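Next come the chains, spelled out residue by residue.
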Amino acid sequence: MTSAKRNKIAPISIFTMLYISRIVVSLTNAQSVTTGLLYKPDILISILAAMGITLVLCVPIVYCYKTNKNPLDIKWLAFFYGIYFVFLAALNVSRFSYFASTTFNPDSQAWMFSILIILCSSYCACIGIEGLSRFSSFAFVLLVMTILTMFFCNLKNYNEVDLYPIIQNDTDDIFKNTLLITSQTSELGVFLCLYKKTNGDCVKPFIWSITAAFLTIFLLFVIVIGVMGASASLHSFPIYTMFQMAKFGSFERIDILHISFWIFGIFIKTVLLIYCASICIKPFKNRVKCIVASVFVLLISFVITNAFQSGVMSPVFIAVPFCIFCIVIPIATLIFKKRNFGDELVEKF
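1. Notes on the overall build of the chain
Part 1 of the argument: Helix and strand content of the chain: 13 helices and 2 strands.
Part 2 of the argument: Within the chain, the proportion of its 349 residues that are buried is 56%.
Part 3 of the argument: The long-range share in the chain, meaning contacts at least 24 apart out of those at least 6 apart in sequence, stands at 85%.
Part 4 of the argument: Total accessible area computed for the chain in this model is approximately 15900 Å², and 70% of it derives from carbon and sulfur atoms.

Printed below as a string of structure tokens:
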């Protein structure tokens, strides 16, 4: 039996946190997730292809774990990883504030929601990873129940004819969608931060979190396309619209479920990224690092919100950092970095 350790989390927590962190990206506005003709049936091909590519990209990450060759052990590399996590957190916050200020409460300003989510996330990141892991387990159960509710409530409106013809985008658009969906999986870099905080073997939870997240995204897109058809591309938040359309007995517009678990998901992902950024900044106390990272997240989210009014950022800003920090650097670390035997001895004794 694995004994409990302070500031350590169970392997199952890796699954719940990374699953929620990945799936929450696909609940944002469609233009942030895909390119070309949005929500056409061939996006399903892109999702499955992206899942396959991502699982292949998990191999060097897992080898970094198995051989104890972590790029975050190199201080100057860890600093740049911290910047990467801060940027991802800011992008995450800006997407939520855009939704909240345009759809949830149009009379409010986006910066108000950014400040609110950053304050809550900063406080929880200062507390540590253990509390977040427990909350993630609760949010995971809520998320699964919500998705099942949406699925069964919209099943009567599902029409498989909307899935044909399957290929409607150009080959270039399908390829770009595949690459963009793959590059949204920043959890590969997050795993490099978290595996040393895990009390046990976490390879299987890591792989299953990626697989389950992509399969869930695939199911969501099948439902959206099968119910809304081509009109899904006309909505900035098609999945949210699906919840508005859903009915459960005498209850109509159960979109409150979408808002609730999306807020939970945004919160968990933001806390996770701020915490990972604090790990990457070595010399200071954890609370100081979390507060500093949160301030930069807030400032960058303001810039993103003002620079990209529709909440849409060029895929280049997402794909290039992903390739550098989740593909190139881990592979280079495996090739050139010496094995860290010191950490192995500390872990054993």
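There is more to say after this.
2. Looking at a nonpolar patch on the surface
Part 1 of the argument: On the surface, F284, V288, I291, V292, V295, F296 and L299 cluster together into a nonpolar patch covering about 630 Å² of accessible area.
Part 2 of the argument: With respect to the element layout, F296 can be found in helix 11 (residues 286-307).
Part 3 of the argument: What makes F296 partly exposed here is its relative accessible area of 45%.

3. Description of the pattern of salt bridges
Part 1 of the argument: Under the defined criterion, the tally for this structure stands at 2 salt bridges.
Part 2 of the argument: Residues D73 and K196 are paired through a salt bridge, measuring 2.8 Å at the closest nitrogen-oxygen approach. Of the two residues, D73 sits in the loop between helix 2 (43-66) and helix 3 (75-104) while K196 sits in the loop between helix 7 (187-194) and helix 8 (203-228), which places them 123 residues apart along the sequence.
Part 3 of the argument: Using a relative accessible area of 29% as the deciding quantity, one classes K196 as partly exposed.
Part 4 of the argument: For E187, the salt bridge is made with K269, and the minimal N-O distance between the two is 3.6 Å. One end of the pair, E187, is in helix 7; the other, K269, is in helix 10 (residues 255-280), and 82 residues separate them in sequence. Side by side, E187 and K269 carry an identical accessibility label, which is buried.

4. With respect to the side chain of K269
Part 1 of the argument: Residue class for K269 comes out buried when judged on its relative accessible area of 5%.
Part 2 of the argument: Once residues lying within four places of it in the same chain are set aside, the contact partners of K269 are S21, V24, V25, N92, S186 and E187.

5. Here's the deal with the environment of K282
Part 1 of the argument: Within the secondary structure, K282 sits in the loop between helix 10 and helix 11.
Part 2 of the argument: Placed 206 residues apart in sequence, K282 and W76 show a C-alpha to C-alpha distance of 9.8 Å.
Part 3 of the argument: Discounting chain neighbours no more than four positions away, the residues touching K282 are L72, K75, A78 and K289.

6. Brief notes about helix 7
Part 1 of the argument: Burial analysis of helix 7 places 8 of its 8 residues in the buried class, the great majority of the element.
Part 2 of the argument: Residues E187, L188, G189, V190, F191, L192, C193 and L194 constitute the buried set of helix 7.

7. Some words on the packing of helix 3 against helix 11
Part 1 of the argument: Running from N to C, helix 3 and helix 11 point in directions that differ by 50°, and their axes come no closer than 8 Å. Between helix 3 and helix 11, the angle is such that the two are oblique. Our pair here, helix 3 against helix 11, has a crossing hand that is right-handed. Taken together, the residues of helix 11 that come into contact with helix 3 (itself represented by V86, F87, A89, A90, L91, V93, S94 and S97) are A293, F296, V297, I300, S301, I304 and T305.

How each quantity is defined
Residues numbered from 1 in each chain as written. Predicted model: local features only at pLDDT ≥ 70, side-chain atom pairs only at ≥ 80, totals over all residues. Heavy atoms only, no water. Helix = DSSP H or I, 4+ residues; strand = E, 2+ residues; numbered from the N terminus. Buried < 20%, exposed > 50% of the residue type's maximum accessible area, 1.4 Å probe, protein only. Contact = heavy atoms within 4.5 Å. Areas by Shrake-Rupley, 256 points an atom, 1.4 Å probe, with all protein chains shown as cover. Patch = residues over 30% accessible without salt bridge, like charges linked within 9 Å, V, L, I, M, F, W, Y side chains within 5 Å. Salt bridge = Lys/Arg side-chain N within 4 Å of Asp/Glu carboxyl O. Axes fitted to C-alpha atoms, helices over the stretch in contact; angles between N-to-C directions. Parallel < 35°, antiparallel > 145°, perpendicular 65-115°, else oblique. Left-handed = near helix turned anticlockwise from the far one by under 90°.

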